[in-house]
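Residues per chain are reported as follows:
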Amino acid sequence: MNGIHEIVQRQKDYYSSGATRRLEFRLEQLRLLREGIVRRKPEILEAVRIDLNKSEQEAIMTEYGILLEEIDFIKKRLKGWMKRKRVKTSLKTHIGSKGYIVAEPYGTALIIAPWNYPFQLALSPLLGAIAAGNTAVIKPSELTPHVSAVLNSLIGELYDPAYITVVEGAVETSQELLRQPFDKIFFTGSVAVGKVVMKAAAEQLTPLTLELGGKSPCIIHQDAHVKLAAKRVAFGKVTNAGQTCIAPDYLLVHEGVRDAFVEEYAKAIKSFYGKEPVEHPDYGRIVSPKHFERLQAFLQTGSIVLGGEVREESLKIAPTILEEISWEDPVMQEEIFGPILPMMTYQHLDEVVHMVNARPKPLALYLFTENKMVQERIIEQISFGGGCINDTLMHVATPHLPFGGVGESGMGSYHGESSFAAFSHMKSVLKQTNKFDIKMKYPSKNNLKIIRKVMK
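From a predicted model like this one, the values you see are computed outputs, not experimental measurements.

Chemist: Outline the overall build of the protein, supporting the account with residue identities and numerical values.
Modeler: The helix and strand inventory of the protein stands at 15 helices and 20 strands. Compactness check: the protein gives a C-alpha radius of gyration of 25 Å against a globular reference of 23 Å for 456 residues, within 12% of the reference. If one aligns the C-alpha atoms of the protein with their principal axes, the spans along those axes are about 80 × 55 × 40 Å. Across the 456 residues of the protein, 54% fall into the buried class. In the protein, 72% of the contacts between residues at least 6 apart in sequence involve partners at least 24 apart. Total accessible area on the protein stands at roughly 20900 Å², and carbon and sulfur atoms take up 54% of it. Looking at the protein, you have 56 positive and 52 negative side-chain charges, and the mean spots of the two groups are 16 Å apart.

Here it is in structure tokens:
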């Protein structure tokens, strides 16, 4: 563990050299990363296939292509983001002065990545760290060892470890990293571990971004396009076998469309993975036996409307809808993080607003309706990190929107310019004129009279 302290110190020395400050340097590092990702594409896809049984299509969409698009997005706009921003000053008190906002790097950043999108969620925050001019240490998840090894090899091939490096290991490694004097911490993972990270950051007053999770509701209103809604909900729930922080976690379905929705959801699943999804070679697996057992226990709750099949030897659980669920049931007490979807029905929108607002603020919310008044009411009356109207997951795929949680689902945001901001301190600078002096700010009885007139 002594090596970790040395790694961080070398990175701090590298940052202090000023090497990361120039635009040209940052753009070159982004170019190198893009080329490295493209060059190692077969290894990346194979690693996520071994660790999570992600199909090539899913891996390209969620682990590979999304990174290339964001790198291109950042490279085109980075020069503008780095420019000093001129701001107005008060004519009453600051006449003759000029105000600026200067984006400066925090310094040395720690990025702790999760296992569910192990490649993308390790490197997406890194794009912000590079763009903002930081050095970085990446801690991948030990639950996806093949992806972790590829990350280690890729980053080691591209960068001096004094600039960017990967540190592999289990819980003890993370604990040791959190004891180091980082200038910024970026964590993606569970609420429980997020609290541990936040406590460690508080010990050293380290700024941090927390990308957590929670129970994200999916509302199917009475006027929803049911066939399309079911297909899009199924896409959002079975992607990565439901192991997605923004997956629909539970359904609130208007009682008038309950039967039609279940029927169309079943059709959608069949069109994706056939009659027996657990036997389909491209259907994702649960990451570990421990997580599989936790999810399997949820199947004892309520009644199974659809699915429920399991394959312990392959760690697969079929896309499942549960009914006759209460808020006290275990499946409703924590984020599911699997292909199980509890369903409740409602008659009036008031019930939906009350049920969601009675729980911690979710990371995502999905609403299916054509009614603009319903859309506006849900957006205005329910707090959530981000979400979609008439779709699922897709808000996370555009770098034009910030992504992040609120309350228990996280703090801070990233993607696109928000990633640059997440790893930057916005420094305020006031440049005062020497051509004249504003005398009223100095102690004087005469000046007090002037101040009383001006400052009102």
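Chemist: Which residues make up the sheet that holds strand β20 (residues 424-431), and what values do they have?
Modeler: For sheets, the rule is that strands pair by backbone hydrogen bonds, running either parallel or antiparallel. Pairing is antiparallel in the open sheet, where three strands are placed in the order β1-β2-β20. The open sheet has two edge strands with one neighbour each: β1 (85-87) and β20. Strand-to-strand twist across the sheet, computed as the mean angle between neighbouring axes with direction ignored, equals 30°.

Chemist: Now, about the UniProt feature "active site" (unreviewed entry) in the protein: what can you tell me, with residues and values included?
Modeler: Look at the UniProt record and you will see "active site" (unreviewed entry) annotated at Glu211. Excluding anything up to four places from it in sequence, Glu211 contacts Phe186, Phe187, Thr188, Gly189, Phe403, Gly404, Gly405, Ser409, Gly412, Ser413 and Tyr414.

Chemist: Can you break down the sheet that holds strand β15 (residues 364-368) residue by residue, with the values?
Modeler: Read from one edge of the open sheet, seven strands run β10-β13-β14-β9-β8-β15-β16, paired in mixed fashion. Every interior strand has two partners, whereas the edge strands, β10 (303-306) and β16 (386-389), have only one. Strand-to-strand, the axes of this sheet are offset by a mean angle of 25°, without reference to chain direction. As paired strands, strand β8 (residues 217-220) and β15 are joined by three bridges and run parallel to one another. The partner of Ile220 across the bridge, within β15, is Phe368.

Chemist: Any chance you could break down the packing of helix α3 (residues 41-52) against helix α4 (residues 56-82) for me, citing the residues and the numbers?
Modeler: α4 packs onto α3 with a crossing angle of 110° between their chain directions and a minimal axis gap of 10 Å. Classified by the angle between their axes, α3 and α4 sit roughly perpendicular to one another. Within the contact between the two elements, α3 uses Lys41, Leu45, Val48 and Arg49 and α4 uses Glu56, Ala59, Ile60, Glu63 and Tyr64.

Chemist: Any details on the nonpolar core? Residues and values, ideally.
Modeler: Buried together is how nonpolar side chains tend to be arranged in soluble globular proteins. Leu33, Ile37, Phe119, Leu123, Leu126 and Ile220 are the most contacted members of the largest nonpolar core, which totals 86 residues. In terms of residues, this core owes the most to one element, α4, which gives 10 residues. One finds Val331, Tyr346, Val374 and Ile378 within the second-largest nonpolar core, a separate group that totals 31 residues.

Chemist: Describe the UniProt feature "domain: Aldehyde dehydrogenase" (unreviewed entry) in the protein, with residues and values.
Modeler: Mapped onto this numbering, the UniProt entry gives "domain: Aldehyde dehydrogenase" (unreviewed entry) at residues 7-429. The span residues 7-429 shows a helical share of 42% and a strand share of 19%, and its end C-alpha atoms are spaced 33 Å apart.

Chemist: Run through a nonpolar patch on the surface, naming residues and quoting values.
Modeler: On the surface, Leu91, Ile95 and Phe436 cluster together into a nonpolar patch covering about 330 Å² of accessible area. If you trace the backbone, Phe436 turns up in the loop between β20 and α15 (445-454).

Chemist: Account for the pairing of strand β4 (residues 135-139), with residues named and values stated.
Modeler: Counted residue by residue, β4 has five buried out of five residues, so it is predominantly covered. Relative to β4, strand β3 (residues 108-112) runs parallel, the two being bridged by five bridges. Bridge pairing in β4 links Ile111 to Ile138. Two elements, β4 and strand β5 (residues 164-166), share three bridges in a ladder whose sense is parallel. Paired with Ile138 across the two strands is Val166, which belongs to β5.

Chemist: Now, about helix α8 (residues 191-203): what can you tell me, with residues and values included?
Modeler: With 13 residues, α8 ought to run about 18 Å at 1.5 Å a step, and its terminal C-alpha atoms sit 19 Å apart, in line with that. On the buried face of α8, the contacting elements are α7 (171-178), β6 (184-188) and β7 (208-211). Backbone geometry just after α8 places Leu205 at a positive phi near 55°.

Chemist: Quick rundown of the packing of aromatic side chains? Include the residues and the values.
Modeler: Inspection of every chain in the model, using the stated rule, returns 13 aromatic pairs. Aromatic side chains Phe272 and Tyr273 sit 6.3 Å apart centroid to centroid with 80° between the ring planes, which places their arrangement in the edge-to-face category. Among the residues examined, Phe272 registers a relative accessible area of 27% and is labelled partly exposed. Put simply, the rings of Tyr14, Phe25, Tyr159 and Tyr163 touch in pairs and so form one group of aromatic residues. In this structure, Lys184 packs its charged tip against the face of Phe423, placed 5.9 Å from the ring centre. Above the ring of Trp327, the side-chain terminus of Arg359 is found at 3.7 Å from the ring centroid.

Chemist: Run through unusual backbone geometry, naming residues and quoting values.
Modeler: Even without a glycine there, the phi angle at Phe337 is positive, about 60°. By secondary structure assignment, the location of Phe337 is in the loop between β13 (320-323) and β14 (340-346). We classify Phe337 as buried; its relative accessible area is 15%. One non-glycine residue, Leu393, adopts positive backbone phi at about 65°. One can find Leu393 in the loop between β16 and β17 (403-404).

Chemist: Quick rundown of the environment of Leu52? Include the residues and the values.
Modeler: In this structure, Leu52 sits in helix α3. As a C-alpha pair, Leu52 and Tyr273 span 221 residues in sequence and 16 Å in three-dimensional space.

Chemist: Give a detailed account of the state of the cysteines, specifying residues and quantitative values.
Modeler: Scanning all chains against the criterion turns up zero disulfides. In this structure Cys245 is a free cysteine whose sulfur lies 13 Å from that of Cys388, the closest cysteine sulfur available. With no disulfide partner, Cys388 has as its closest neighbouring cysteine sulfur the one in Cys218, 9.8 Å distant. With a relative accessible area of 11%, Cys388 lands in the buried category.

Calculation notes
Every chain's residues receive numbers from 1 upward, in the order its sequence appears when written. Reporting in this predicted model follows two pLDDT cut-offs: at least 70 for local features of residues, and 80 or more for side-chain atom pairs to be given and counted; totals over whole chains, interfaces and linings ignore these cut-offs and use all residues. Calculated side-chain values reflect all of the structure's heavy atoms, with hydrogen atoms and water omitted. A run of H or I in DSSP becomes a helix once it reaches four residues, and a run of E becomes a strand once it reaches two; helices and strands are each numbered from the N terminus. Just to be clear, the radius of gyration here is over C-alpha atoms, and the globule rule we use is 2.2 Å times residues to the power 0.38. Residue burial is assigned from relative accessible area. The probe radius is 1.4 Å, only protein chains are included, and a residue is buried under 20% of its type maximum, exposed over 50%, and partly exposed in between. Two residues form a contact once any of their heavy atoms are found within 4.5 Å. Note that accessible areas follow from Shrake-Rupley with a 1.4 Å probe, and for residues the cover is restricted to the protein chains shown. We treat Lys and Arg as the positive residues and Asp and Glu as the negative residues; His and chain ends play no part in the count. Every charge is mapped onto a representative atom, which is NZ of Lys, CZ of Arg, CG of Asp or CD of Glu. Pairs of strands are assigned from DSSP output, requiring at least two bridges between the strands. A fitted line through C-alpha atoms represents every axis, and for helices the fit uses only the stretch in contact; the resulting angles, taken between N-to-C directions, go from 0 to 180 degrees. UniProt positions are given in the numbering used here, feature names are shortened, and annotations may be inferred rather than shown by experiment. If an angle is under 35 degrees, it is roughly parallel; if it is over 145, roughly antiparallel; if it lies from 65 to 115, roughly perpendicular; otherwise it is oblique. Put simply, a nonpolar core is a bunch of buried Ala, Val, Leu, Ile, Met, Phe, Trp, Tyr and Cys residues held in one set by side-chain atoms that sit within 4.5 Å of each other. The patch calculation keeps residues exceeding 30% relative accessible area without a salt bridge and links them within 9 Å when they carry like charges or within 5 Å when they are nonpolar (Val, Leu, Ile, Met, Phe, Trp, Tyr). Salt-bridge detection follows one rule: a side-chain nitrogen of Lys or Arg within 4 Å of a carboxyl oxygen of Asp or Glu. Helices are assigned an expected span. That span is 1.5 Å times one less than the residue count. In this analysis, rings of Phe, Tyr and Trp, with Trp reduced to its six-membered ring, are considered paired at centre separations within 6.5 Å, and the interplanar angle assigns stacked below 30 degrees, edge-to-face beyond 60, and tilted for intermediate values. Charge-over-ring placement is defined geometrically: NZ (Lys) or CZ (Arg) within 6 Å of the ring centre, and within 35 degrees of the ring normal. The disulfide definition used here is simple: a pair of cysteine sulfur atoms within 2.5 Å.

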